[in-house]
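Each chain, letter by letter, is given below.
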Amino acid sequence: MRTVRDCEEERRLTIAITNAHVIPVTGEAFDGTVVIEDGRIAALGADIAVPEGAEVVDAGGAHLTPGLVDAHVHLGVHPEGDGGAASDTNEMTGVNQAGVRTIDAIDPLEEGWDAALAGGVTTVNVNPGSGNPIGGQATTLHTWGRIVDEMTLRVPAGMKSALGENPKRVYGEKRQTPSTRLGNAKVIREAFFEAQNYMAQQAHAAAEGKPFARDVTNEALAQVLRGEIPWRQHCHRADDVVTAVRLSEEFGYKLVIDHGTEAHLVADLLAEKGIPVLIGPLFTTKSKMELRGRSIANPAKLAAAGVEVSLITDHPVIPISFHVHQASLAMREGLDRDTALRAITINPAKVLGVDAEVGSLEVGKRADLVLWSGDWADTMARPTGVWVDGKRVFEFDEETREERVASRELV
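Here goes a summary of the coordinates provided. (Residues numbered from 1 in each chain as written. Predicted model: local features only at pLDDT ≥ 70, side-chain atom pairs only at ≥ 80, totals over all residues. Heavy atoms only, no water.)

Next up on the list: the overall build of the protein. Within the protein, the secondary structure is distributed over twelve helices and 19 strands. In terms of C-alpha radius of gyration, the protein reaches 22 Å, essentially the compact-globule figure of 22 Å for 411 residues. When its C-alpha atoms are laid out on the principal axes, the protein stretches across 65 × 50 × 40 Å. Burial analysis of the protein (411 residues in total) assigns 55% to the buried set. Taking the contacts inside the protein whose residues are at least 6 apart along the sequence as the reference set, 66% of them involve residues at least 24 apart. For the protein, the distance from the average site of its 41 positive side-chain charges to the average site of its 60 negative ones is 7 Å. (Helix = DSSP H or I, 4+ residues; strand = E, 2+ residues; numbered from the N terminus. Rg over C-alpha atoms; globule rule 2.2 N^0.38 Å. Buried < 20%, exposed > 50% of the residue type's maximum accessible area, 1.4 Å probe, protein only. Contact = heavy atoms within 4.5 Å. Lys, Arg positive; Asp, Glu negative; His and termini not counted. Charge placed at Lys NZ, Arg CZ, Asp CG, Glu CD.)

Structure follows, in structure tokens:
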């Protein structure tokens, strides 16, 4: 039986993945080698020598990409196959839940994490749900591990907020505000006014050397107002997208549009203001009115207008193992190949503030890599090897058709 020390020794191995078609994302593709040392990329190029004593993985000419990034999932807080009974996605006991954090509810042993690895997804951002106008704080983390704190790359990684039908439905049924789009915006404004007052009182108390009673809700919103974390605005309809922009300019926070079903209709506004869109999920039915404009062609329309686009699964809405296929089908509908790969790697990493660590293959970055059975964009291709922090955590045996995930147990 291996010990934790053995696992740490394995992470410190020098690994050379040779004879690969390497697609770094932020640089030109090449045929060559990637060297991993101490869990990070030590060298890559067409003429890289294999270090003495390195473990050699011959890629056989296969595509090697960065680990994929999905910036909007509910992995670990919405378990697979339970019908929502065990879900910790929404704390729907009040409209302003800025103080809750998904890290306090993520189960890293839930089966969806293995599905993520099977799809080549090595980094995700776990959001609260969209039942509240203000839903809480997100967590960005790796998809392999046993203890959430050790998997985490950034926390908090953003503040979830929702406009549109979801909070209207939840609180309208309770005969509470918000039951309309007007009410949604009112709740958000009131919360920011309160947070601004809180910050002013805190600063005054500090200047006078007096004690100050802190609270988790306003402390969290203060991070948004100070620009430390982005405001992740769930919205589908074009008018809700514009409301999101209006609110962000009133209070001066950094805005990210999540879902953006009709964002292409106001793409010029978003491009002008440099607001990124995390678009998706793209495979689902038009299950409510705001989704009537859903189309796999919309990412290409946004990108053509100059908007930075990322694709999201909203797992479990779309199984996370299908993340790469959204990119493939978006290519069929006009999204160019390079932009499609950026939309599931470096673009979401930038939105999450972890692009210095993941999202591309560069010297010094974490060794999160995916080896594919064919062209990564081919819907028939699949990951045959996945590395997280230089540890091989997934492999697919093409002869036996068997998937193997490294144990998450204490071994």
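Across residues other than glycine, the phi torsion is negative in most instances, and most of the peptide bonds are trans. A cis amide bond links T177 to the next residue, P178, at an omega of 10 degrees. Relative to the helices and strands, P178 resides in the loop between α4 (165-172) and α5 (181-207). Residue P281 is bonded to the preceding G280 through a cis peptide linkage, with omega at -5 degrees. Residue position: P281 is located in the loop between β14 (277-279) and α9 (298-304). Despite not being glycine, H259 has its phi angle at roughly 85 degrees, a positive value. If you trace the backbone, H259 turns up in strand β13 (residues 255-259). What makes H259 buried here is its relative accessible area of 3%.

The biggest cluster of nonpolar side chains holds 77 residues, and the ones touching the most others in it are V124, V126, F192, W231, I257, L270 and W376. Of the residues forming this core, the biggest block, six residues, is contributed by helix α7 (residues 238-251). Setting aside chain neighbours within four positions, we find V126 in contact with V73, H74, L75, V77, T102, I106, W113, A138, T139 and L141. (Core = buried A, V, L, I, M, F, W, Y, C linked by side-chain atoms within 4.5 Å.)

Bringing the pattern of salt bridges into the picture now. Counting across every chain of the model gives 25 salt bridges. For D104, the salt bridge goes to R101, with nearest N and O atoms at 3.3 Å. The exposure class of R101 is partly exposed, given its relative accessible area of 37%. Between K186 and E190 there is a salt bridge, and its shortest N-O distance comes to 2.9 Å. On the criterion of helical spacing, the pair formed by K186 and E190 is a turn pair, its members being four residues apart in helix α5. Among the residues examined, K186 registers a relative accessible area of 41% and is labelled partly exposed. Here E190 falls in the partly exposed class, since its relative accessible area comes to 41%. The structure contains a network of salt bridges with shared partners spanning R392, E395, D397, E402 and R404. (Salt bridge = Lys/Arg side-chain N within 4 Å of Asp/Glu carboxyl O.)

Any aromatic ring pair is given by two values, namely how distant the centres are and how the planes are angled relative to each other. In the structure shown here, the tally under the stated rule is six aromatic pairs. Relative to W231, the ring of F192 has its centre 4.9 Å away and its plane inclined at 55 degrees; by these criteria the two rings are tilted. Note that F192 is positioned in helix α5 and W231 in strand β12 (residues 231-235), a separation of 39 residues in sequence. Overall, the relative accessible area of 0% leaves F192 in the buried class. Aromatic pair F193 and F251: ring centres 5.6 Å apart, planes at 65 degrees, arrangement edge-to-face. Taken as a pair, F193 in helix α5 and F251 in helix α7 lie far apart in primary sequence, 58 residues in all. Since its relative accessible area comes to 45%, F193 is described here as partly exposed. Taken together through their ring pairs, the aromatic side chains of F192, F193, W231, F251 and Y253 make up a single cluster. Looking at R382, its charged tip hangs above the ring of F396, at a distance of 3.7 Å from the centre. (Phe/Tyr/Trp six-rings, centres within 6.5 Å; stacked < 30°, edge-to-face > 60°. Lys NZ or Arg CZ within 6 Å of the ring centre and 35° of its normal.)

A few words now on the sheet that holds β14. Read across the sheet, six strands follow the order β8-β11-β12-β13-β14-β15 without closing on themselves; strand pairing throughout is mixed. Each of the sheet's edge strands pairs with one partner strand only, and the pair in question is β8 (134-137) and β15 (309-311). Mean inter-strand twist for the sheet, computed between neighbouring axes without regard to direction, equals 25 degrees. Of the strand pairs in this sheet, β14 and β15 are connected by three bridges, and their pairing is parallel. Along β15, the bridge assignment pairs I279 with L311. (Pairing = 2+ DSSP bridges. Axes fitted to C-alpha atoms, helices over the stretch in contact; angles between N-to-C directions.)

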